[in-house]
Amino acid sequence: MARQPWGMRELAAAGLAWLAGLALLHRCERLPAAPEYAVLALALVAIAGLWRLRHRHWALLAGGVALAAFLQGAVRAEWRLATELHPAWEGRDLVLAGRVDSLPVAVTGQGGVPGWRFGFAVESVGATGAALPPEVPARLMLLAYDGPPVTAGERWRFTARLKRAHGLANPGGFDAELWLFEQGLRASGVVRGAERLQAAPWWGLDAARQRLRARIQAQVADPGAAGVIAALSLGDQAAISHADWALLRDTGVAHAFSVSGLHVTMFAWLAAALVAPLWRRSGRLCLRLPAPAAARWAGVAAALGYALFSGWGVPAQRTVVMLAAVAVLRSLGLRWPWPLVLLAAGVAVTAADPWALTQPGFWLSFGAVGLLMTAGDAAAPGWRARLKAALRTQAVATVGLAPLSLICFAQLSAVGLLANLLTIPLISFVATPLALLGALWAPLWTLAAWGVQALVSALKLLAAWPGAVWWPPAAPGWVQGLALLGAALLVMRLPWRLRLAGLLMAVPLLWPAVPRPPAGEFELLAPDVGQGNAVLVRTTGHALLFDAGPVYAPGADAGERVLLPLLRALGVRRLDMLVLSHRDGDHVGGAATLMQGLPVAELRSSLEPGHALLRAGPAAVRCEAGQGWTWDGVRFDLLHPTPAHYGAGLKPNDLSCVLRIAAASGRRALLAGDLQADQERRLAQREPGLRADVLLVPHHGSKTSSSAELLAAVRPVVAVVQAGYRSRFGHPAPPVLARYQAAGIAVVASPSCGAWRWASAEGASSCWRDLSRRYWTDRVAPAVPDAALSGPAWPGEE
């Protein structure tokens, strides 16, 4: 076999090398420069020559395939990144004509304003009056609020304000920039004026999907059940509400509510079962193509059509490719082992979409099939044996995929096995067939909805169990790899000694070591929350959060999207204190969600009596100057407001709690909320010891704050600005930045830095954008030299 030019070993080596080459590319901070491309191309030519001279050795083949995968992926990434929106055209009205090229998603804006989010293929850009026309990316993500409904396939002329593909950057958070890059969306914007140019063609695929979704919503009164039916039949994952997705993740069944390989295979089997007897009725057709072969290819065609209609997700892609591979091999009289077929499917999927490798769905889909095939046995006769096999299959999938699910989603469901035993049969064999057949007879959607509602009720009961969800801290890469290997050993039919070894290998992923500041020192972490404030302070054994960030939209806030994932990734299981500086929404927007998701021992704030957060939260204490406490050798002092300020009729900003933190080493940090200039001056006069190494810039760098008196009193080394990307308030204001520059103070801004970490023990800091940079990451000009941001690695990044 080793002497055959394309034996199993060579095919396996080539497939694995292809995936390894793409994986290496996706770890790169940047794409190769022109000279580096030339060197890589010459290396590929040299490897090809050596391969021919050395009798086509498999190792040379693997090296050449890995290099080819890396090169073609890099070139395709270059093409995707080629058209960027220049910063000069951000925030300016542009007239764009083009076509809606994705299924619009209903969204809700600030104040409950309804709208649509959709992909837009730009065909032309209207005149701007500038000497050089703007370079607008070919595909955009647009948001249209309070306007006419938008249908996929329609042509529109929009007046929109665009911004670059930029997202929040935090450890444990969602990588919006990667998602936009995968979708080919190189800018986003808000529609300010709209004119429909042409209706959608009747034969458009996305338009047909949207019409079917509208029929489902009209037939099913429950929006949650209607969303699930749309997801199962159309692959419209966005139709499921955010709260329902949270429930599905907490119970470990989220995978079942997308168009999976089982659904596509079932559809293909039904098509083949229909075609085979009909084909046999024609002797002429059977002479041209045997009925079994015709049935196989009809099943592949049906699977392809269903996969395309349902959104062409990674599980559907994998299943179609595998079905096609089996059909080809059967037609050629070949029988490949299943691992090679699975590997070939992975290569085909990543050849079509190199960035599928960065999606959790890719690894979960292929991992599930691989585990089931590795651990599976031939079906035994009898219903008891079949039931036992089904239970074992579910246990293998649940246990074997647990480490991978934990790595991808940072949580593990303790009720997942039981929830899947309820969910998979009901969704796969009842709800999904009814959802598909409902296109022919709408009342079937009502039956499917009843089943979905019953299932959701059962899942809510399971999610309410104590300890139903486990959120371990982020683990280093070597721990993750060890746990994946251990899970594979645990589910395979091996001696129990090896299985026990696999279990022990997975344990460090559940309880990784959590780095903590030494006694007497503290760590300050300013996450990227957009236009708002939130700062985490950790000592050896305590955690304090100063403010809780903004509300982004109804049902979405910084507590859910940023703070809870961040705290869980860092191993913070409870907050010893939550300080809410004042009542503004960009400081308290995420507090309610945070207190629901994490135990909070104490709440300090300047909120007025009767505020909803005071009623819903833990024991509350009013911030007053003179309050102080010591945790693990670190001193905390509240400097503002005084008791007299509460009755003086001050604005909420001037009632901001001001917190000073002092380490045993002498290094300090000052967190000033939204304090205004007049109160800053009074504070500087009242408190002689304001000197601090780190200053949280008051009011996000507004022109009404950061007075010269405050800067002279504090004399910080670094000032941290938490503000939104292209803040609509103009934060930080240029005059304020000039004031800091004149005082010799380095400024760190969250849009360019992402989450910022500072350790009092070393006085060193680091930016998450720098540590996690990839070639698709938006390059925002930093507000401080890189030398000022050097520091130790983040937990889980060693």
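These numbers come from a predicted model, not from an experiment.

## Things to note about the nonpolar core
Formed by 36 residues in total, the largest nonpolar core has its most connected members in Ile-216, Val-220, Ile-229, Phe-257, Trp-445 and Leu-459. Contributing elements (two or more residues each) for this core: helix H5 (205–219), helix H6 (223–234), helix H7 (242–250), helix H15 (416–437) and helix H16 (443–463). Per element, the largest residue contribution to this core is 9 residues, and it comes from H16. In this structure Ile-229 touches Ile-216, Val-220, Ala-435, Trp-445, Ala-448 and Ala-449, once residues within four positions along its chain are discounted.

## Considerations on the pattern of salt bridges
Side chains that carry opposite charge are capable of pairing whenever their charged atoms lie near each other. Considering all chains together, one arrives at 23 salt bridges under this definition. Notably, a salt bridge pairs Arg-186 with Glu-84, separated by 2.9 Å at the nearest N-O pair. In this pair, Arg-186 sits in the loop between helix H4 (176–182) and strand E6 (187–198) while Glu-84 sits in the loop between helix H3 (58–81) and strand E1 (93–100), placing the two residues 102 residues apart along the sequence. Owing to a relative accessible area of 23%, Glu-84 belongs among the partly exposed residues under this scheme. One salt bridge connects Arg-622 with Glu-624, and the closest N-O pair in it is separated by 2.8 Å. Each of Asp-93, Arg-161 and Arg-192 takes part in salt bridges that share partners, so that together they form one network.

## What about a nonpolar patch on the surface?
A contiguous nonpolar patch, built from Leu-387, Leu-391, Leu-417, Leu-418, Leu-421, Leu-422 and Trp-465 and spanning about 600 Å² of accessible area, is present on the exposed surface. If one sorts the elements of the nonpolar patch by residue count, H15 sits on top with 4 residues. In this fold, Trp-465 is placed in the loop between H16 and strand E8 (469–470). By relative accessible area, which is 44% here, Trp-465 ends up partly exposed.

## Observations concerning the pairing of strand E20 (residues 668–671)
Strand direction decides the pairing type here: strand E19 (residues 658–662) and E20, joined by 4 bridges, are antiparallel. By the bridge assignment for E20, Ile-661 is matched with Ala-669. Sheet topology note: the E20/strand E21 (residues 694–696) ladder contains 3 bridges and is parallel. Note on E21: the bridge partner recorded for Leu-670 is Leu-695. For the handedness criterion, the β-α-β arrangement of E20, helix H23 (residues 677–686) and E21 is classed as right-handed.

## Notes on the state of the cysteines
Throughout the structure, instances matching the rule amount to 2 disulfides. A sulfur-sulfur separation of 2.3 Å characterises the disulfide bridge that pairs Cys-623 with Cys-657. Taking the torsion about the sulfur-sulfur bond, which here is approximately 105°, the covalent link between Cys-623 and Cys-657 counts as right-handed. Taken together, the residues span a long stretch of sequence, with Cys-623 in the loop between strand E16 (620–622) and strand E17 (628–631) and Cys-657 in the loop between strand E18 (634–640) and E19 at a distance of 34 residues. According to the relative accessible area criterion, Cys-623 is buried, its value standing at 0%. According to the relative accessible area criterion, Cys-657 is buried, its value standing at 0%. Look at the protein and number its bonded cysteines as they come in the sequence; the links are 1-2, 3-4.

## Concerning the packing of aromatic side chains
Going through the model one piece at a time under the given rule, you end up with 15 aromatic pairs. Residues Phe-362 and Trp-363 carry aromatic rings whose centres are separated by 5.3 Å and whose planes lie at 80° to one another, so their mutual orientation is edge-to-face. Overall, Trp-363 belongs to the partly exposed group, its relative accessible area being 38%. Ring-pair connections join several aromatic residues into one group, and the members of that group are Phe-118, Phe-120, Trp-156 and Phe-158. Between Arg-568 and the ring centre of Trp-471, over which it is positioned, the NZ or CZ distance is 3.6 Å. Its end group placed over the ring of Tyr-646, Arg-622 keeps NZ or CZ at 4.0 Å from the ring centre.

Reading the values: the criteria
- Residues numbered from 1 in each chain as written.
- Predicted model: local features only at pLDDT ≥ 70, side-chain atom pairs only at ≥ 80, totals over all residues.
- Heavy atoms only, no water.
- Core = buried A, V, L, I, M, F, W, Y, C linked by side-chain atoms within 4.5 Å.
- Buried < 20%, exposed > 50% of the residue type's maximum accessible area, 1.4 Å probe, protein only.
- Helix = DSSP H or I, 4+ residues; strand = E, 2+ residues; numbered from the N terminus.
- Contact = heavy atoms within 4.5 Å.
- Salt bridge = Lys/Arg side-chain N within 4 Å of Asp/Glu carboxyl O.
- Patch = residues over 30% accessible without salt bridge, like charges linked within 9 Å, V, L, I, M, F, W, Y side chains within 5 Å.
- Areas by Shrake-Rupley, 256 points an atom, 1.4 Å probe, with all protein chains shown as cover.
- Pairing = 2+ DSSP bridges.
- Right-handed = clockwise from strand over helix to strand, strands pointing away.
- Disulfide = S-S within 2.5 Å.
- Phe/Tyr/Trp six-rings, centres within 6.5 Å; stacked < 30°, edge-to-face > 60°.
- Lys NZ or Arg CZ within 6 Å of the ring centre and 35° of its normal.

Remember that the coordinates give geometry; whether it matters functionally is a separate question.
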